[in-house]
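This is what each chain is made of:
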Amino acid sequence: MADRRYSIGYALRPKKQHSFIQDSLLALASSRGIDLVKIDQDRPLSDQGPFDCILHKLYGEDWRRQLKDFCARYPNAVILDAPDAIERLHNRISMLQVVSEFKIESPTESFGIPNQIVIYDKETLFDEQAWATLKFPVIAKPLVADGSAKSHKMALVFNHEGLNKQKPPIVLQEFVNHGGVIFKVYVAGVHVKCVKRKSLPDVSEEKLGSLQGSLSFSQISNLATNEKNDDRYYKRMHLEDTEMPPQSFVTDIARGLRQAMKLNLFNFDVIRDSRVGNRYLIIDINYFPGYAKMPCYETVLTDFFFDIVHSSDKEEKGRPNFSENEDGSEKRGLNVRPVHSCDQEVRKLVSNIPDGEDGALALSPHSGLPQCIENP
Ligand SMILES: Nc1ncnc2c1ncn2[C@@H]1O[C@H](COP(=O)(O)OP(=O)(O)OP(=O)(O)O)[C@@H](O)[C@H]1O
Ligand SMILES: O=P(O)(O)O[C@H]1[C@H](OP(=O)(O)O)[C@@H](OP(=O)(O)O)[C@@H](O)[C@@H](O)[C@@H]1OP(=O)(O)O
Ligand SMILES: [Mg+2]
Ligand SMILES: [Mg+2]
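Residues numbered from 1 in each chain as written. Chains lettered and ligands numbered in written order. Predicted model: local features only at pLDDT ≥ 70, side-chain atom pairs only at ≥ 80, totals over all residues. Heavy atoms only, no water.

Rules: UniProt positions are given in the numbering used here, feature names are shortened, and annotations may be inferred rather than shown by experiment.
As named in an unreviewed UniProt entry, the chain is Inositol-tetrakisphosphate 1-kinase, taken from Trapa incisa. The annotation that UniProt attaches to the chain under Function (unreviewed entry) is "Kinase that can phosphorylate various inositol polyphosphate such as Ins(3,4,5,6)P4 or Ins(1,3,4)P3." In its Sequence similarities (unreviewed entry) section, the UniProt entry covering the chain states "Belongs to the ITPK1 family."

Encoded structure:
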């Protein structure tokens, strides 16, 4: 009997669809028995499918209702992810509260969040006592993180004068010097991948005295990145010398966050506190981020989809810990394999482009197709 095929419906905004649903992803998923099918947003969801799983990044009451109706009709379908779980990330306070909800054992590294307060109105903004516990510079971030352009508009505030311009409700978060490099950790179920990006430069005490008011910016780490965050990008952005945080440490944080939030698809931004060297601060968590910028995104996402549809076979659907071993430890997926040259693998699959000299390809344990291998 032919192997069963699985169908994953996706509902994304046009920009997201364009970046995420690439031919290379469709082809790799298809080769492993998974069809990614576009959901027609002009028709009721429950009239479409059936789908084994729904992948979505849409908001609003109508969409929630549609998901509910679909689940009533297809109770075995997996929804990635539950709207209530995603909701927590739409507020920058509840977003980071989750960081205190789990612990990890590490003899050398520690993690947390920067000092921060929330300001709901102008009066409190002018009330010195409210922010007496904070040290300048601070970053003023809109409290709401709903994906709108406005929700990404931030300001680096150097002194009291700079606070006057800010429009509550905002979070005031201490700016922590971190060497101008941010780590973005992409999570798809048990699969975890950390990349480096350019960030705001450090602000020295001497410079702080001479800086006026505030400086506005938006999505700084996304500048110049519609490209993959690979070695070429690191070289161009002079990031190649920055040491990565230990992979086991970021994987442990990813698992803690995933289980506490009950989310499968997110990334989190981490900075390394320059004053403490081995202390890491989580500053942002995003639902369904720009995975396509991650090296090997096709392989990571296909592995994840494979986990999901096969765990739903075993009626473990929707559980964030679907891929744990019997003793409770996680199957690490991508993390345990030495990897290099992933684009080649996918290009070969899509268009039969032959391997170059460095195209050392390993065989997939599942399909016999070449696996994504990354630079060690
Ligand atoms: N506490 C902090 N200390 C130092 N730099 C920070 C801090 N918070 C934010 N930044 C810098 O500001 C940038 C934007 O902040 P943040 O990630 O919170 O915004 P965002 O709009 O939610 O970003 P994204 O595009 O990742 O969703 C970060 O990438 C980092 O460069
Ligand atoms: O495309 P979307 O609108 O989902 O934008 C998301 C963007 O992904 P993109 O690169 O695909 O644009 C993400 O970038 P990376 O962290 O991966 O760099 C990050 O900025 C999210 O915060 C954005 O989601 P939002 O907060 O605005 O909902
Ligand atoms: Mg961010
Ligand atoms: Mg964000």
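From this point on, the discussion continues.
## Things to note about the coordination of the magnesium ion (ligand 4)
Our working definition: Donor atoms are limited to N, O and S found within 2.8 Å of the metal ion, a distance that becomes 3.2 Å for Na, K and Ca. With water left out, some sites might look partial.
Listed as protein donors to the magnesium ion (ligand 4) are Asp284 (OD), Asp284 (OD) and Asn286 (OD1); their distances from the metal cover 2.1 to 2.7 Å. In this structure the magnesium ion (ligand 3) is found 3.9 Å away from the magnesium ion (ligand 4), and aspartate 284 serves as a bridging donor for the pair.

## A short note on the site of ligand 1
Heads up, the rule is: Whether a residue is near a molecule or strand depends on its heavy atoms: if one lies within 4 Å, it is near. Whenever a nitrogen or oxygen atom comes within 3.5 Å of another N or O atom, the pair is scored as a polar contact, on the condition that within protein one atom can donate a hydrogen and the other can accept it, and that pairs from neighbouring residues in sequence are kept only if both atoms are in side chains. Methods summary: accessible areas were calculated by the Shrake-Rupley approach with a probe of 1.4 Å, and residue burial reflects only the protein chains presented. Labels follow the DSSP assignment, with helices taken as runs of H or I lasting at least four residues and strands as runs of E lasting at least two, numbered in each case from the N terminus.
Contacts to ligand 1 come from 24 residues, most closely from Lys141, His152, Lys184, Ser199 and Asn286. Backbone polar atom of valine 176 to a nitrogen atom of ligand 1: 3.0 Å apart, as the coordinates give it. Relative to its unbound accessible area of 610 Å², ligand 1 is 98% covered by the protein chains. Taken together, the elements giving at least two residues each to the shell around ligand 1 come down to strand E7 (138-142), strand E9 (170-174), strand E10 (181-188), strand E13 (265-272) and strand E14 (279-287). In terms of residue count, E14 provides more of the shell around ligand 1 than any other element does, 3 residues in total.

## Let's talk about the sheet that holds strand E4 (residues 78-80)
Short version of the rule: One bridge is not enough; two strands pair if DSSP finds at least two bridges between them. To obtain each axis, a line is fitted to C-alpha atoms, and for helices this fit is confined to the stretch in contact; angles are then taken between N-to-C directions over 0 to 180 degrees. Pairs of residues are marked as contacts when any of their non-hydrogen atoms sit within 4.5 Å.
Strand order in the open sheet formed by 4 strands is E2-E1-E3-E4, and the pairing between neighbours is parallel. Edge strands, defined here as strands with exactly one partner in the open sheet, are strand E2 (34-38) and E4. Taken pair by pair, the neighbouring strands of this sheet meet at an average axis angle of 20°, ignoring direction. Here helix H3 (residues 61-73) sits on the sheet in contact with strand E1 (6-11), strand E3 (53-56) and E4, set at roughly 170° to E3.

## A look at the site of ligand 2
How we decide: Classification convention: Asp, Glu, Lys, Arg as charged; Ala, Val, Leu, Ile, Met, Phe, Trp, Tyr, Cys, Pro as nonpolar; all other residues, Gly among them, as polar.
Around ligand 2 lies a shell of 17 residues, among which Lys57, His152, Lys184, Tyr186 and Lys293 are the nearest. Contact distances for ligand 2 include 2.9 Å between an oxygen atom and a side-chain N or O atom of lysine 15. Lysine 16 has a polar side-chain atom sitting 3.0 Å from an oxygen atom of ligand 2. Protein contact buries 86% of the 550 Å² of open area that ligand 2 shows by itself. Elements with a minimum of two residues in the shell around ligand 2: helix H1 (14-20) and E10. In terms of residue count, H1 provides more of the shell around ligand 2 than any other element does, 3 residues in total. Here the residues of the shell around ligand 2 sort into 3 nonpolar, 8 polar and 6 charged.

## So, the state of the cysteines
The condition is simple: What counts as a disulfide here is a pair of cysteine sulfur atoms lying within 2.5 Å.
All told, the structure shown has 0 disulfides when counted by the stated rule. The thiol of cysteine 53 is unpaired, and the distance to the nearest cysteine sulfur, on cysteine 71, comes to 11 Å.

## A closer look at the coordination of the magnesium ion (ligand 3)
To keep things clear, this is the line we draw: Per-residue accessibility, obtained with a 1.4 Å probe over protein chains only, is compared with the maximum for each type, and a residue is labelled buried under 20%, exposed over 50%, and partly exposed between these values.
Here the magnesium ion (ligand 3) is held by Asp269 (OD) and Asp284 (OD), and the distances to it run 1.9 to 2.2 Å. Under the relative-accessibility criterion, aspartate 284 is labelled buried at 11%.

## A look at the packing of aromatic side chains
Just so we agree on the cut-off: Aromatic rings from Phe, Tyr and Trp, with only the six-membered ring used for Trp, were paired whenever their centres fell within 6.5 Å, and each pair was classed as stacked if the ring planes differed by under 30 degrees, edge-to-face if by over 60, and tilted otherwise.
Counted under the stated rule, the structure contains 14 aromatic pairs. Ring centres of phenylalanine 304 and phenylalanine 305 lie 5.9 Å apart, and the angle between their planes is 50°; this geometry places the pair in the tilted category. Take phenylalanine 304: its relative accessible area is 0%, and that puts it in the buried class. Judged by its relative accessible area of 1%, phenylalanine 305 is buried. An aromatic cluster of three or more residues is present, and its members are Phe20, Tyr186, Tyr287, Phe288, Tyr291 and Tyr297.

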